Amino acid sequence: MIKHFVNLADFSAEQLRNLLTRALADKELFRAGSLPASLKRKTLAMIFDKPSLRTRVSFDTAMTHLGGRAINLAPQEIGIGKREAVRDVARVLARMCDGIMARTFSHDLIEQLARWSSVPVINGLTDYSHPCQAMADVMTIEEKLGELAGRTLAFIGDGNNVARSLAVACEKFGMKFILATPSGYELEDDFTSQMDPASFSQTNDPAEAVHGADVLYTDTWISMGQEDERKKRMSDFSGFTISGELLSGAPAGAIVLHCLPAYRDYEITDEVFEAHAETIFEQAENRLHFQRTLLNVLIGEGGVA
Ligand code: CP
Ligand code: NVA
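The present account deals with the structure reproduced in this document.

Each value, and the rule that gives it
Residues numbered from 1 in each chain as written. Chains lettered and ligands numbered in written order. Predicted model: local features only at pLDDT ≥ 70, side-chain atom pairs only at ≥ 80, totals over all residues. Heavy atoms only, no water. Near = heavy atom within 4 Å. Polar contact = N/O pair within 3.5 Å; in protein donor to acceptor, adjacent residues only side chain to side chain. Areas by Shrake-Rupley, 256 points an atom, 1.4 Å probe, with all protein chains shown as cover. Buried < 20%, exposed > 50% of the residue type's maximum accessible area, 1.4 Å probe, protein only. Helix = DSSP H or I, 4+ residues; strand = E, 2+ residues; numbered from the N terminus. Arc of directions from axis to C-beta. Contact = heavy atoms within 4.5 Å. Pairing = 2+ DSSP bridges. Axes fitted to C-alpha atoms, helices over the stretch in contact; angles between N-to-C directions.

Re the site of ligand 2
In the vicinity of ligand 2, the contacting residues are L125, N160, N161, V162, D219, T220, S223, M224 and L260. S223 places a polar side-chain atom, nitrogen or oxygen, 2.7 Å from a nitrogen atom of ligand 2. Between an oxygen atom of ligand 2 and a main-chain N or O atom of M224, the distance comes to 2.8 Å. Notes on ligand 2: free accessible area 270 Å², of which the protein chains cover 94%.

As structure tokens, then:
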């Protein structure tokens, strides 16, 4: 039984497949009005060291759907690791709440929370990874394109947290993941050496990446915490915009995804974004559906079997 949801790599392909299949089924049940309120009187503590729209609203709403509630803890309120030691915050929350979701800068902080918490800890984004996003992404791809195995996803942009989690998710679901970054923004050797070369590859040529891709994906060039690098990044990422021209080099029927928030006419043109908005907002909605199932499994059933 895996109690926490911190790293996708901790899970087997079968465990992730089961979670995904269940999330898709629960989405249907929810829409039909027949998903049970299985977390009555349960509380999720949400720690946000960075801003959020989707993660905050989706976890809070998911708890409401399940009959429980969520408490938002902003940095100025709890000062995790500053006002109070991480391991003490973990032990206090675990005494009062039934689960902890955290969005932090350092990945080590969420690992520490998991080490010290007797209730499930969920990674709501760190500088290193964003596993809930990646699961909502593969959920969306399966809904839009069917069978995941054998598909190719081209990630155009920064070798960042979102790219890392998506690369792992693609490998687990039998997909190919191609990352196209400017030179110097590739994923690091410590990560890539753990990836299967049959699934994972990197290039500095966006056109090469999209040729043969079923899915084009992008994210901001400047992640939260990298604001000081703005000027350099804006210049370095020139040529890595998902534009109509780049998209025309992909097979007909390729879909476009973005984890959001989007910066139009930087990582994606307004025209491409709006043409694919229906898929992108379904992807955003799927954060809610995947995470509601995850909360049910972790809090309601004690973990991922
Ligand atoms: N995609 C995502 O995690 O969005 P937020 O930063 O708004 O939570
Ligand atoms: N890479 C982005 C993702 C935002 C959801 C960031 O970390 O800011």
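Some thoughts on helix α5 (residues 107–116)
Three or more residues of α5 are buried, namely H107, L109, I110, L113 and A114. Projected down its long axis, α5 shows its buried positions confined to an angular sector of 160°, all on one face. Looking at the buried side of α5, the elements it contacts are β1 (43–48), α4 (86–96), β3 (99–103) and β4 (121–123). In this structure S106 caps α5, since a side-chain oxygen of it lies 3.4 Å from the backbone nitrogen of D108.

Side note on the sheet that holds strand β9 (residues 255–258)
Spatially, β7-β6-β5-β8-β9 is the arrangement adopted by the five strands of the open sheet, whose pairing is parallel. Looking at strand neighbours, the two that pair on one side only are β7 (200–203) and β9, the edges of this open sheet. For this sheet, the mean angle separating the axes of adjacent strands, direction not counted, is 20°. By the bridge criterion, five bridges tie strand β5 (residues 152–156) to strand β6 (residues 176–180) in an arrangement that is parallel. If you follow L153 over to β6, its bridge partner there is F177. Sitting on the sheet, helix α6 (residues 131–145) is in contact with β5, β8 (215–218) and β9, with an inclination near 160° to β9.

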